[in-house]
Amino acid sequence: MASNEKYQLGELVRIRVGVPPTHFRTPEYIQGKQGKIATLWGAFPNPESLAYGGNGLPAQPLYQVEFPQTDLWQDYKGLASDMLLIDVYENWLEKI
Amino acid sequence: MADHGHENGHSHGENSEYYSKRAQAMQALLIEKGVCTLDDILTMADKIDSRSPEDGAKILAHAWVDPDYKKRLLANAEAAFLELGYDLPETSPKITVLENTDDVHNMAVCTLCSCFPRAIIGRPPAWYKELSYRSKVVVDPRGVLQEFGTVLDEATQVRVIDSSADYRYLILPNRPAGTENMTEEELAKLITQESMIGVGLALSPEAVSAS
Amino acid sequence: MPKVHDRGGWPNDDPIDHSEHKMEEWERQVDALNGVLGDKGLKNTDQLRRAIESLDLATYESLAYYEKWTSAMEVLLVEQGIMTSDEIDAKMAALEQGS
């Protein structure tokens, strides 16, 4: 599937904040947080449309985003270098 | 947060009878209406059953003994699976392999549901799908490792991967010390389901011979 | 307030239950049925997820894994017009009677 990524490897992005009443795959614990693009996965059908019987097109570029755990959780019990990685669709990313 | 008493979702009992009967009724109707056959269902069940942690262990043990294969596995897991005769169905989610080392320990979860590399290692264990693992492992992975009796070196970085989209993550466990002279088959026995999720380490040779 | 299924970091003091869960035959068949319906293009993974996510909190937390799938599958099959809940009720009763 052709993909024209808006974001590049290593770029810092912010996760959009939102809790739509419909199906989506962006958990609250990363919303509003800043992370780094770790992998470009290419484009995939949009689950927000698939969930209602749609064809998921246009496909959404999918990114693996990396967050320092200490940015996500107060009182995180671990190393400052510990990371959380998660796959996020482009429509949930914002430029910083 | 809502106060949710005992929430393990293991309601086998009055609920379970109702749901099993409802499922069987739906299935009977689907067959009656010609949507599918019982054979379709049983064939699919067997197909799903045909993948187990042993399949993953076989592949990962091969990566332990063959450094070039390991490189290919980490670069493109599905192509590497195919080399060993594992052809993932078209409809299967993508699978990628993450390597655990002395310095980096990866752990996989699906906080939103139960996404798991089923096509290569079979169904997830019950605990993986439960609320306690899904909620705790992202916020306190080291606490979860402790619950599983897994001890890491203090300086090891822990990376939790939440498989929220089209990718499923299979962990290549760190090869234990003292395994240099083991055959690939023996090495596969060290690679447990827990180590392929990242809540555990591969077994040590001593642990296996002691059992 | 996260949705019922959005569990990352949700406060939880429960120990992780390591016990083995033997899969019952009806669960194995629900699991397979999900795959069969998917292969026939009658449902996809996100539809199933969406149906499960629409459960109220108490139900989501108390139903076992395949019970949730069963509940969700009914929603999808009814949505598609393949069967009605009344038909399922009737079939349950009929199977109970041994017919």
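Taking an unreviewed UniProt entry as the reference, chain A is identified by name as Nitrile hydratase beta subunit domain-containing protein belonging to marine metagenome.

Looking at the overall build of chain C
Summing up its helical and strand segments, chain C has 5 helices and 0 strands in all. Starting at the N terminus and ending at the C terminus, chain C contains elements arranged as α-α-α-α-α. Taken over the C-alpha atoms alone, chain C extends approximately 45 × 30 × 25 Å along its principal axes. Here chain C, with 99 residues, has 41% of them falling under the buried criterion. Long-range pairs, those at least 24 residues apart, make up 58% of the contacts in chain C between residues at least 6 apart in sequence.

Things to note about the overall build of chain A
Within chain A one finds 2 helices and 5 strands. Counted from the first residue to the last, chain A has its helices and strands arranged as β-β-α-β-α-β-β. By its C-alpha atoms, chain A is 40 × 30 × 20 Å across when sized along the principal axes. Out of the 96 residues belonging to chain A, those deemed buried represent 36%. Considering only contacts within chain A whose residues lie at least 6 apart along the sequence, 59% involve residues at least 24 apart.

A look at the sheet that holds strand 5 (residues 93-95) of chain A
If you walk across this open sheet you meet the 7 strands as 5(A)-1(A)-2(A)-3(A)-4(A)-3(B)-2(B), and the pairing is mixed. What marks the edges here is a single partner per strand, and that holds for strand 5 of chain A together with strand 2 (104-109) of chain B. Across the sheet, the mean angle from the axis of one strand to that of its neighbour is 35°, orientation sign disregarded. Judged from the 7 bridges that link them, strand 3 (residues 60-68) of chain A and strand 4 (residues 83-89) of chain A form a sheet pairing that is antiparallel. Along strand 4 of chain A, the bridge assignment pairs A:L62 with A:Y89. Running at roughly 150° to strand 2 of chain B, helix 8 (residues 131-139) of chain B makes contact with strand 4 of chain A together with strand 2 and strand 3 (157-162) of chain B of the sheet.

Focus: the interface of chain A and chain B
Between chain A and chain B, the residue contacts involve 18 residues of the former and 19 residues of the latter. Here the side of chain A that touches chain B takes 6 residues from strand 4 of chain A, the largest share from any one element. Of the residues assigned to the side of chain A that touches chain B, the class counts are 12 nonpolar, 2 polar and 4 charged. With 4 bridges joining them, strand 4 of chain A and strand 3 of chain B adopt parallel strand pairing. Looking across to strand 3 of chain B, one finds that A:I86 is bridged to B:D162.

Let's talk about the packing of helix 2 (residues 38-49) of chain B against helix 1 (residues 25-39) of chain C
Helix 1 of chain C packs onto helix 2 of chain B with a crossing angle of 100° between their chain directions and a minimal axis gap of 8 Å. Considered as vectors, helix 2 of chain B and helix 1 of chain C are oriented roughly perpendicular to each other. Of the residues in helix 1 of chain C, those in contact with B:D40, B:I41, B:M44, B:A45 and B:I48 of helix 2 of chain B are C:R28, C:Q29, C:D31, C:A32, C:L33, C:G35 and C:V36. Here the contact of helix 2 of chain B with helix 1 of chain C is composed, by residue class, of 7 nonpolar, 2 polar and 3 charged.

Focus: the packing of helix 2 (residues 45-53) of chain C against helix 4 (residues 65-79) of chain C
All names here are of chain C. At a closest axis distance of 8 Å, the pairing of helix 2 and helix 4 adopts a crossing angle of 110°. Accordingly, the angle class assigned to the pair helix 2 and helix 4 is roughly perpendicular. In this structure, helix 2 uses Q47, L48, A51 and I52 to contact helix 4, whose residues at the interface are K68, A72, V75 and L76.

What about the environment of B:L112?
By secondary structure assignment, the location of B:L112 is in the loop between strand 2 and helix 6 (118-121). Take B:L112: there are 25 C-beta atoms within 10 Å of it, and that puts it in the buried class. Taking the C-alpha atoms as reference points, B:L112 and B:E185, separated by 73 residues in sequence, lie 36 Å from one another. Once you skip the residues sitting within four places of it in the chain, B:L112 turns out to touch A:R25, A:P27, B:S164, C:H5 and C:D6.

Notes on the interface of chain C and chain B
Tallying the contact residues gives 46 residues for chain C and 49 residues for chain B. With 11 residues, the top contributor of residues to the side of chain C that touches chain B is helix 1 of chain C. The residue makeup of the side of chain C that touches chain B, split by class, is 20 nonpolar, 11 polar and 15 charged.

So, the confidence of the model for chain C
Within chain C, residue pLDDT values average 95, and 98% of them lie at 70 or more. Prediction confidence for the complex, expressed as pTM and ipTM, is 0.95 and 0.96 respectively.

A short note on unusual backbone geometry
All names here are of chain A. Cis geometry is adopted by the peptide bond preceding P58, which originates at L57 and carries an omega value of 0°. By the element assignment, P58 lies in the loop between helix 1 (47-50) and strand 3. The backbone of D75 sits at a positive phi, close to 55°, despite the residue not being glycine. Classification of D75 by C-beta neighbours within 10 Å gives exposed; the count is 7.

Observations regarding the pairing of strand 3 of chain A
All names here are of chain A. The element strand 3 is largely enclosed, with a buried count of 7 among its 9 residues. By the bridge criterion, 7 bridges tie strand 2 (residues 34-44) to strand 3 in an arrangement that is antiparallel. In the strand pairing of strand 3, T39 is matched with Q64.

Conventions we followed
Residue indices begin from 1 for each chain and proceed along its sequence in written order. All chains are assigned letters beginning at A, and all ligands numbers beginning at 1, according to the order in which they are written. Whole-chain, interface and lining totals are the exception, using all residues; otherwise, since this is a predicted model, local features are given only for residues with pLDDT of at least 70 and side-chain atom pairs are given and counted only at 80 or more. Secondary structure elements follow DSSP: runs of H or I no shorter than four residues count as helices, runs of E no shorter than two count as strands, and numbering proceeds from the N terminus. Think of it as a crowd count around each C-beta: if 20 or more other C-beta atoms lie within 10 Å the residue is buried, if 12 or fewer it is exposed, and in between it is partly exposed, with C-beta placed from the backbone throughout. Note that contacts rest on C-beta atoms placed from the backbone: two residues are in contact if these are within 7 Å. Strand pairing is assigned whenever DSSP identifies at least 2 bridges connecting the two strands. Whenever a helix is involved, its axis is fitted only over the stretch in contact; in every case the axis is a line through C-alpha atoms, and angles between N-to-C directions fall within 0 to 180 degrees. Gly is placed with the polar residues, together with every amino acid not listed as nonpolar (Ala, Val, Leu, Ile, Met, Phe, Trp, Tyr, Cys and Pro) or charged (Asp, Glu, Lys and Arg). For classification, angles of less than 35 degrees are called roughly parallel, those exceeding 145 degrees roughly antiparallel, those between 65 and 115 degrees roughly perpendicular, and all remaining angles oblique. A residue's pLDDT is the predictor's confidence in that residue, given on a scale from 0 to 100.

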